[in-house]
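# Fold and contact review
One letter stands for each residue in the lines below.
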Amino acid sequence: MSPIIITSAMLIIYFAGLAYAVYSNPLPSQNFEEYAVGGRSFRWQFITMTIIGTWYPGSLLIGWAQMGHDMGVTALYLGFYTLGGLFIFLLMSGKLWKLGKKYNLKTMGQFFQLRYKNKPLRVFTGAAVLLIEFPWVITELLAAGYAIQAMTYGKIPFNLGMTLVCIFFTLYILFSGTRAVIIADYYQGWMFVIGGIVLFVTATQVLFGGLSDMLMQVRDLGAELLTIPGPDTYWGEAPGALFWTSLIAMGILGGYMWPSLFSRIFAAGSTKELKSSLRFTPFMAPIFTILVIITAVGSSAKIEFGENDTAQALVQMIGSLGPVAMGVITIIILAGSLSMMDSMISSWAIVFSNDIVTPFKKEISPKTQMTMARIITIVIAVSGLLIAMTDLPTIVQILTRVYQGIVQFFPAVFLGLYWKRGNKVGAWGSIAVGLALVVYFAWTQPDYVPFLDGMQGGLLAVGIGAVIYFVCGFIFKKDEGVDRLFDDMKTNDNQIIREEMK
Amino acid sequence: MTIPEIIIGIAFLSAVIIGVVTSKYLLKKSAEADSDE
């Protein structure tokens with residue numbers, strides 16, 4: 001049987017299962033609340049898989065795998081920040097959920113308006129987070145394009161594959177909303193858990209005789225691939241000793257500031273469901289990322305993998321096992337890309353209509369809000385596709401650069417949940433100065449700053465932003481009504497639900 | 001088809017089946033819990 005028939009049949013089975021999982025359940029009537037946060041009703045199992053899905057984007061198996069192949073264990077920074085990011089999630093998700101439930105929050109901008117009593121901050125945040133997260137779509141489309149090219153053994157070229165995937169994803173997102181996105185994430189999570197682990201363990205066993213043998217072969221090529229940087233490994237350059245630590249710190253602080261993840265907190269059924277989701281994610285998410293990256297490091301041990309383009313090294317290595325293995329890895333990439341793109345685009349559509357349009361036009365019907373959300377979905381998908389077809393830096397370079405932008409919201413979100421004296425002047429100051437510095441560094445030293453010993457400019461900027469936030473907290477008075485919000489964050493879920501029912 | 005390919009294929013089918021069956025079960029349970037409230 002032709003390999004393309006096998007991989008295509010697997011793809012059809014996979015998506016048939018996805019369609020059945022999503023659409024065989026009666027979906028509640030479509031209102032904007034339902035579209036945006038899935039009716040705030042999901043159990044911890046769904047939230048767990050949603051979190052795993054976000055740490056398993058399609059770009060992991062292409063972009064970070066390329067980093068693993070080229071730069072060895074440097075790419076393991078991803079596993080460390082995954083774990084640290086979950087700790088930040090634990091610290092802020094319960095408080096945010098309670099405010100979300102009581103005040104009907106859906107986005108970070110709305111949280112800022114509630115916490116700092118400042119509408120322009122809501123609008124600015126809505127616009128800024130959209131612009132900053134947008135490049136993720138491009139990286140996911142690139143990953144999906146590689147996957148389609150690989151699974152058709154080059155019969156469908158890269159750009160055509162990317163276009164087909166973009167059309168399919170857009171149609172799916174247009175007619176789904178957050179409920180369908182979360183059910184799809186849950187279904188896809190099983191493919192990452194079972195398919196992913198079996199695939200990578202089998203591949204290392206069959207191709208190298210086991211993990212330790214694989215790493216010994218890598219060591220024979222050059223010990224630097226197995227050495228934590230040691231900063232002379234960033235694609236041939238020497239950033240400095242703080243580079244690796246800086247990558248991890250940026251990921252930890254910025255990981256849950258992305259609008260697509262932030263709004264997921266509000267989709268949970270209760271704070272208990274949110275906390276329960278952390279029973280497994282701290283073990284599972286880092287295990288998956290580390291397994292993928294270690295296998296990608298192993299792909300550098302055989303010259304035939306990634307000979308023409310190192311971004312494809314891992315896929316070529318797994319695909320060398322046969323068409324079934326090729327089918328599974330490309331499905332995992334497509335599932336990862338779909339899970340990232342659907343959550344990003346649907347959350348951006350919500351941010352756009354909720355934070356950028358609604359504050360200026362109060363009499364907007366939920367139906368119009370949904371139509372707007374759908375138009376923005378098409379605009380984002382088409383513009384993402386067009387940009388993805390141009391010459392771009394590597395996937396990891398794109399992502400580490402945008403992380404420097406999103407992390408600037410950390411002081412205003414996190415400190416705003418824990419420090420009553422934090423106020424709107426501090427929030428504006430930290431975000432505006434932080435983003436201005438990031439723009440400066442984006443023009444001058446986008447990847448790292450040599451005179452800071454390799455630290456990324458974004459980390460310096462968020463540090464300065466936090467100092468500004470604290471200083472303003474001591475100079476200016478508290479925002480109106482902040483005491484009440486802190487009381488709300490201390491109440492239990494049932495009390496909030498009872499008040500809501502009244 | 002080699003043995004590793006068969007193992008990977010079984011893992012693939014298991015993931016699809018478990019994903020469909022458990023999502024249906026959990027959503028049904030949620031709906032029942034909601035209607036009880």
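Residues numbered from 1 in each chain as written. Chains lettered and ligands numbered in written order. Predicted model: local features only at pLDDT ≥ 70, side-chain atom pairs only at ≥ 80, totals over all residues.

### Some points on the overall build of chain B
Assigned secondary structure in chain B consists of one helix and zero strands. Looking at chain B as a whole, 30% of its 37 residues qualify as buried. (Helix = DSSP H or I, 4+ residues; strand = E, 2+ residues; numbered from the N terminus. Buried ≥ 20, exposed ≤ 12 C-beta atoms within 10 Å, placed from the backbone.)

### Some words on the overall build of chain A
The helix and strand inventory of chain A stands at 23 helices and zero strands. Taken over the C-alpha trace, chain A has a radius of gyration of 22 Å; the compact-globule value for 502 residues is 23 Å, and the two agree within 12%. Seen through its C-alpha atoms, chain A measures out along the principal axes to roughly 65 × 55 × 40 Å. Residues classed as buried in chain A amount to 60% of the 502 residues present. (Rg over C-alpha atoms; globule rule 2.2 N^0.38 Å.)

### Considering helix α17 (residues 366–388) of chain A
The end-to-end C-alpha distance of α17(A) is 33 Å, a good match for the 33 Å that 23 residues give at a rise of 1.5 Å each. Buried residues of α17(A): A:Gln369, A:Met370, A:Met372, A:Ala373, A:Ile376, A:Thr377, A:Ile380, A:Ala381, A:Gly384, A:Leu385 and A:Ala388, and no others. (Expected span 1.5 Å × (residues − 1).)

### What to know about the packing of helix α7 (residues 119–151) of chain A against helix α16 (residues 323–357) of chain A
The description of two helices packed together rests on the angle between their axes and the distance between the axes. All names here are of chain A. Where α7 meets α16, the closest approach of the two axes is 9 Å, and the angle between their N-to-C directions is 160 degrees. As judged from the angle between their axes, α7 and α16 are roughly antiparallel. Seen from above, α7 lies across α16 with left-handed handedness. Split into classes, the residues belonging to the contact of α7 with α16 amount to 22 nonpolar, five polar and four charged. (Axes fitted to C-alpha atoms, helices over the stretch in contact; angles between N-to-C directions. Parallel < 35°, antiparallel > 145°, perpendicular 65-115°, else oblique. Left-handed = near helix turned anticlockwise from the far one by under 90°. Nonpolar A, V, L, I, M, F, W, Y, C, P; charged D, E, K, R; others polar.)

### Observations regarding the interface of chain A and chain B
Contact with chain A, which involves 27 residues of that partner, is made by 20 residues of chain B. Considering every element that reaches the side of chain A that touches chain B, the biggest residue donor is helix α9 (residues 178–208) of chain A, with eleven residues. Taken together, the residues that form the side of chain A that touches chain B break down as 18 nonpolar, eight polar and one charged. (Contact = placed C-beta atoms within 7 Å.)

### Considerations on helix α5 (residues 77–103) of chain A
Compared with the 39 Å implied by 1.5 Å per residue over 27 residues, the 37 Å span of α5(A) between its first and last C-alpha is a close match. A:Met92 marks where α5(A) bends most, by close to 40 degrees. (Bend = angle between axes of the 7 residues up to and from the residue.)

### Let's talk about the environment of A:Thr310
All names here are of chain A. Mapped onto the secondary structure, Thr-310 falls in the loop between α14 (281–298) and α15 (313–319). Expressed as a C-alpha distance, the spacing of Thr-310 and Glu-140, which sit 170 residues apart in the sequence, is 17 Å. Among residues more than four places away in sequence, those in contact with Thr-310 are Gln-66, His-69 and Asp-70.

### Quick look at the nonpolar core
Residues and elements named next belong to chain A. The biggest cluster of nonpolar side chains holds 177 residues, and the ones touching the most others in it are Leu-61, Ala-75, Leu-141, Ile-318, Ala-325 and Ile-329. With 20 residues, α16 is the single largest residue contributor to this core. Discounting residues that sit within four places of it in the chain, Leu-141 has contacts with Met-162, Val-165, Cys-166, Gly-384, Leu-385 and Ala-388. (Core = buried A, V, L, I, M, F, W, Y, C linked by C-beta atoms within 7 Å.)

### Focus: the confidence of the model for chain B
Considering every residue of chain B, the mean pLDDT works out to 86; 89% of them sit at 70 or more. Model confidence for the complex is summarised by a pTM of 0.86, with the ipTM given as 0.93. (pLDDT = per-residue confidence, 0-100.)

### Some thoughts on the environment of A:Tyr103
Residue and element names in this part refer to chain A. By the element assignment, Tyr-103 lies in helix α5. Under the C-beta neighbour-count criterion, Tyr-103 is labelled partly exposed, with 15 such atoms within 10 Å. Linking Tyr-103 and Leu-114, residues eleven residues apart in sequence, is a C-alpha distance of 8.3 Å.

### Focus: the packing of α7(A) against α17(A)
All names here are of chain A. Contact geometry for α7 and α17: axes closest at 9 Å, N-to-C directions at 65 degrees. The handedness of the crossing between α7 and α17 comes out as right-handed. Between α7 and α17, the contacting residues are Val-137, Ile-138, Leu-141 and Leu-142 on the first element and Ile-380, Gly-384, Leu-385, Ile-387 and Ala-388 on the second.

### As for the environment of A:Lys478
Residue and element names in this part refer to chain A. Mapped onto the secondary structure, Lys-478 falls in the loop between α21 (457–475) and α22 (482–490). As a C-alpha pair, Lys-478 and Trp-419 span 59 residues in sequence and 10.0 Å in three-dimensional space. Discounting chain neighbours no more than four positions away, the residues touching Lys-478 are Lys-420, Arg-421 and Asn-423.

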